[in-house]
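Descriptive structure summary
Chain residues, written in single-letter form:
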Amino acid sequence: MPTTVEYHKEGHLATIRLNRPEVLNAMNLRMHEELAEIWDDFAQDDDIWVGVLTGTGGRAFSVGQDLRELAQREAAGLAAPATFGSRGRPGWPRLTERFGLTKPLVAQVSGYALGGGFELALACDLIIAAEDARFGLPEARLGLIAGAGGVFRLSRQLPVRTALGHLMTGRQLSARRAYELGLVNDVVPAADLDDCVHGWVTDLLACAPLAVRAVKQAVLTSLDLPLEQAFATRYPCEEIRMHSADAKEGPRAFAEKRPPRWQAR
């Protein structure tokens with residue numbers, strides 16, 4: 001049987017592509033299992049510094065959980081009641097709960113990013129969208145809840161009242177509106193999406209990978225801390241960066257007027 005996820009590495013970049021276009025990249029249990037193996041490899045491969053998460057087919061990034069599979073499992077008495085998180089279910093910990101992942105992830109979104117698909121994008125660090133992208137969390141309309149972090153992340157990444165409006169009604173966001181609200185980093189015509197993502201990836205790879213990870217960890221760890229406590233907190237990735245060879249290489253390369261040669265150590 002064909003795989004439900006494509007995983008490709010080139011240089012320091014990994015591309016993860018959800019690959020069920022016939023169902024708009026809906027995520028079934030097998031996809032979650034395959035993604036868990038991919039996230040393990042992505043985190044552990046020292047040669048990989050940046051990841052891009054996207055979907056095949058052009059019509060959707062992902063429309064979230066495969067509800068037909070869920071209905072079949074419920075009819076067979078195989079689906080236990082679900083709430084927040086994925087502990088005890090296939091693919092745990094899923095991307096939405098890999099809070100210690102410090103490598104940068106870019107979501108490349110065209111078409112629909114709904115439900116769990118939107119939650120995957122929200123768990124990435126950057127979101128680059130085509131003009132036709134649509135974002136939404138329709139769970140409440142289905143008697144469900146955005147339990148893969150949508151409730152928590154959307155209310156942190158948007159003004160609370162705005163987030164509640166979308167969470168409680170299932171209303172969708174256009175790519176342009178998501179950009180206006182600061183939820184998306186860039187919006188371009190669909191034909192330009194690959195080039196735009198390539199530009200962001202090139203900029204990420206031009207930076208010292210340990211510095212990028214330190215920035216990500218420090219920002220996400222300190223979001224809810226008082227400023228004084230944020231300064232006083234120790235961040236493991238920053239401890240590594242400050243004593244790294246790359247921390248010396250950057251200023252040296254600048255002084256020698258040459259591009260830096262990063263080693264991620």
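All of the points below concern the structure found in this document. (Residues numbered from 1 in each chain as written. Predicted model: local features only at pLDDT ≥ 70, side-chain atom pairs only at ≥ 80, totals over all residues. Heavy atoms only, no water.)

Notes on the state of the cysteines
Let me state the cut-off plainly: The criterion for a disulfide is a pair of cysteine sulfur atoms lying within 2.5 Å. Exposure categories follow from relative accessible area, calculated using a 1.4 Å probe and restricted to protein chains: below 20% of the type maximum is buried, above 50% is exposed, and the middle band is partly exposed.
Counted under the stated rule, the structure contains zero disulfides. Not engaged in a disulfide, the cysteine Cys207 finds its nearest cysteine sulfur in Cys237; these two sulfurs lie 15 Å apart. Here Cys207 falls in the partly exposed class, since its relative accessible area comes to 37%. Residue Cys237 is classed as buried on the basis of its relative accessible area of 14%.

Points about a nonpolar patch on the surface
Applicable threshold: Think of a patch as exposed residues, more than 30% relative accessible area, with no salt bridge, where like charges cluster within 9 Å and nonpolar side chains (Val, Leu, Ile, Met, Phe, Trp, Tyr) cluster within 5 Å. Using the Shrake-Rupley algorithm and a 1.4 Å probe, accessible areas are obtained, with residue cover drawn only from the displayed protein chains. For this document, the term salt bridge refers to a Lys or Arg side-chain nitrogen within 4 Å of an Asp or Glu carboxyl oxygen. Starting at the N terminus, helices and strands are each numbered in turn, a helix being any DSSP run of H or I of at least four residues and a strand any DSSP run of E of at least two.
Together, Val215, Val219, Leu220 and Leu223 make up a nonpolar patch on the protein surface, roughly 380 Å² of accessible area in all. Checked against the element boundaries, Leu223 lands in the loop between α8 (209-222) and α9 (227-232). What makes Leu223 exposed here is its relative accessible area of 57%.

Looking at the packing of aromatic side chains
Put simply, the test is: Working definition: a ring pair exists when centres of Phe, Tyr or Trp rings (six-membered ring for Trp) sit within 6.5 Å. Plane angles under 30 degrees give stacked, over 60 give edge-to-face, the rest tilted.
Applying the stated criterion across every chain yields a total of three aromatic pairs. A ring pair is formed by Trp39 and Phe42, whose centres lie 6.2 Å apart and whose planes are at 80°; its orientation type is edge-to-face. With Trp39 and Phe42 both in helix α1 (residues 29-44), this residue pair falls three residues apart, about one helical turn. Trp39 sits in the buried class, given a relative accessible area of 2%. Geometrically, the ring pair formed by Phe84 and Phe152 is tilted, given 4.8 Å between the ring centres and 45° between the ring planes. With Phe84 in the loop between α2 (67-75) and β5 (105-109) and Phe152 in helix α4 (residues 150-157), the pair connects residues that are 68 residues apart, well separated along the chain. Overall, the relative accessible area of 38% leaves Phe84 in the partly exposed class.

Things to note about a negative patch on the surface
Note the cut-off: This count recognises Lys and Arg as positive and Asp and Glu as negative, with His and chain-terminal groups excluded. Charge positions are represented by NZ for Lys, CZ for Arg, CG for Asp and CD for Glu.
Judged by side-chain charge, Glu131, Asp132, Asp192, Asp194 and Asp195 come together as a negatively charged surface patch. You can see Asp194 is positioned in helix α7 (residues 193-206). Residue Asp194 is classed as exposed on the basis of its relative accessible area, which comes to 54%.

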